[in-house]
Structure formats: C-alpha cells, structure tokens
Amino acid sequence: MQVKINDWNINYEVFGQGTPVILLHGWLATLETMRPIANSLQNNFKVYLVDVVGFGKSDLPEHPLKTDDFGDFLKDFMQALDIKNPILIGHSNGGRIIINAVGRGIVSPKKVVLIDSAGIKPKRSCGYYLKVGFYKVGKFILNLLPNTNGIKEFKEKLRNRVGSEDYKASANVLKETMKIIVNEDQTHLLPKISVPTLLFWGSLDTATPISDAKKMEKLIPDCGLIEYAGSTHFSYLENINNVNSVLNEFFKNDK
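Criteria and thresholds
- Residues numbered from 1 in each chain as written.
- Predicted model: local features only at pLDDT ≥ 70, side-chain atom pairs only at ≥ 80, totals over all residues.
- Heavy atoms only, no water.
- Buried < 20%, exposed > 50% of the residue type's maximum accessible area, 1.4 Å probe, protein only.
- Helix = DSSP H or I, 4+ residues; strand = E, 2+ residues; numbered from the N terminus.
- Right-handed = clockwise from strand over helix to strand, strands pointing away.
- Pairing = 2+ DSSP bridges.
- Core = buried A, V, L, I, M, F, W, Y, C linked by side-chain atoms within 4.5 Å.
- Contact = heavy atoms within 4.5 Å.
- Expected span 1.5 Å × (residues − 1).
- pLDDT = per-residue confidence, 0-100.
- Phe/Tyr/Trp six-rings, centres within 6.5 Å; stacked < 30°, edge-to-face > 60°.
- Lys NZ or Arg CZ within 6 Å of the ring centre and 35° of its normal.

1. Some remarks on the pairing of strand E6 (residues 111-115)
Most of E6 sits inside the fold, with 5 of its 5 residues counted as buried. Going residue by residue along E6, you find Lys111, Val113 and Ile115 tucked away on one face and Val112 and Leu114 tucked away on the opposite face as well. In terms of handedness, the path from strand E5 (residues 87-91) via helix H3 (residues 93-103) over to E6 forms a crossover that is right-handed. Two elements, E6 and strand E7 (residues 197-202), share 4 bridges in a ladder whose sense is parallel. Each bridged residue has a counterpart across the sheet, and for Val113 the counterpart in E7 is Leu198.

Shown next as structure tokens:
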C-alpha cells in the first residue's frame, strides 16, 4: 500500500485489529526487518509497517533531511492514515525519529519502545558511520533474518541492490542526510517523553553503545532497560523470542 506525504510515495503495510502499533526500521533497512516483531503483535493489535522516506519502496527525498523532517514525517504519516495514540516501536534511526516526534510534542503515543536507538550525538566522527555501508549492514541483516516467504523476497531484493546503480545514484542524498542527523543531538528531548517507555539494547552495540541506553533510561521519566549480554546493534533480531515475550507483557493492558 502507498500513501502520499509531502509529494513522497510512502510504502506501508497494515494488518490486524485493535490498538495501533507503528514500527519504524533503522538506517539503510526496510520494513521487512521489523516484521519478526510485527508477526507477533498482529493477533492483538493493528500493526503498521512503514518504509521510512528514503528507504525500501518509499521515495527518496529530493534533498537531505534533518531529524525534525523525519519527526514531521511520522506526524504526517499518522495524520494521513488517521492514526491516534499509537504504540511506537523504533530500531536505531527509527528510534531517533520517535524521540524527536514525541519529545517535540507533535505526536502523542500510548507507549514507546526504543531498540538500540540513535538520538544521542556519538563520540565517534561522522566518517565512522558513513563507512558502515549498505553492503555491511545488508549482509548482517541477511544472516539474522529467518527464511519466511516475505523475508526471502526481501533478502533477494537486498542482494540485487547491493552495489547496484540505483543505490549508487541515491547514496549521496542519504549520505548528506546522515551527516546532518548524526550531529543533531536529541538528548534534550528525552525528559519530555512522558509515556511508559521500554528500551532493548545489545551490550556489544558499537553503533549506539550501551552507555546511550543508560543515559536514556536515566533521562526518560518512566523508562526501563533490558540489556542483552553479548548482543549487537540488532539485539532484537538476536533475541527475538524473548523480545516478543517481553512486549506481550508490556502491552498486556493495551490490547
């Protein structure tokens, strides 16, 4: 399915009934990487999987975006589909988007889940993150995701896109966007997230280190942290059964 937002064609899927849940994927990923969580929630919730602008089957932006632009994107997506008071779940850059939109008060969620979330300005240089290219991230995801029919299709598309001309043509706007957003610290917005918030984090995450999680836990008023020892930036995929069990408990009164 597609919805028009700011002249962008945005790809999304929706299934299930009940309280709305929006899942936002990380940088250089697609909605398919959040499907293992969505599949667990679809029997009790109305689940929205979204290809964030610039990724998956959604349009590329015509110019580099700021973090506020991504926050506005989430607000506009909710308005376009008349989604009110959803549960928001975001991995990495998806978490950054949620922090921005909720912290600025432009969306009002029921609960928030941040998974190895970006949002705190890194100590490493911007160049470090730009070196984490599409192939490296893609290869990691390919090795983690299960071989369901939808995931198989995503894997094949990902393999075809690695190093392809269409990705090379789009890389500049994404690189310029990354240069902007990685230097936009969202820490000041964390205390403004007033709803119950849950953090999932890998102790060995090198993209968004566990120190970021502990800082978020301290600054977000109603917040808990689950740390997975030995897990990386994709801690939710490495511990998917436990993550889904915890989410089921966290959302038990929201069905």
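2. Points about the nonpolar core
Nonpolar side chains tend toward joint burial in soluble globular proteins. In terms of nonpolar packing, the biggest core is built from 47 residues, with Ile10, Ile22, Leu74, Phe77 and Met216 touching the most fellow members. Discounting chain neighbours no more than four positions away, the residues touching Ile10 are Met1, Gln2, Val3, Ile5, Val50, Asp51, Val53, Ser58, Phe73 and Phe77. Core analysis: the second largest hydrophobic core is formed by 25 residues, Ala38, Ile89, Ile115 and Tyr228 among them.

3. Things to note about helix H2 (residues 67-80)
Quick reminder: α-helices carry 3.6 residues per turn. Residues three or four places apart thus point the same way. Here H2 spans 20 Å end to end across 14 residues, near enough to the 20 Å set by a 1.5 Å rise per residue. Every buried residue of H2 is accounted for by Thr67, Phe70, Gly71, Phe73, Leu74, Asp76, Phe77 and Met78.

4. What about the confidence of the model for the protein?
Summary statistics for the protein give a mean pLDDT of 87 and a share of 81% for residues scoring 70 or more. Segment residues 126-136: pLDDT under 50, and 22 contacts once partners within four positions in sequence are set aside and those in other chains are kept. This model gives residues 161-170 a pLDDT under 50, and the stretch forms 12 contacts once residues within four places in sequence are excluded.

5. Observations concerning the packing of aromatic side chains
According to the stated counting rule, one finds 6 aromatic pairs in the structure shown. Pairing Tyr12 with Phe77 gives two aromatic rings, centres 5.6 Å apart and planes at 80°, and the pair type is edge-to-face. Taken as a pair, Tyr12 in strand E2 (residues 8-15) and Phe77 in helix H2 lie far apart in primary sequence, 65 residues in all. In terms of burial, Tyr12 and Phe77 fall into one category: buried. Cluster of aromatic residues (ring-pair linked, three or more members): Tyr12, Tyr48 and Phe77. When the ring centre of Phe250 is taken as reference, the NZ or CZ atom of Lys111 above it lies at 4.5 Å.

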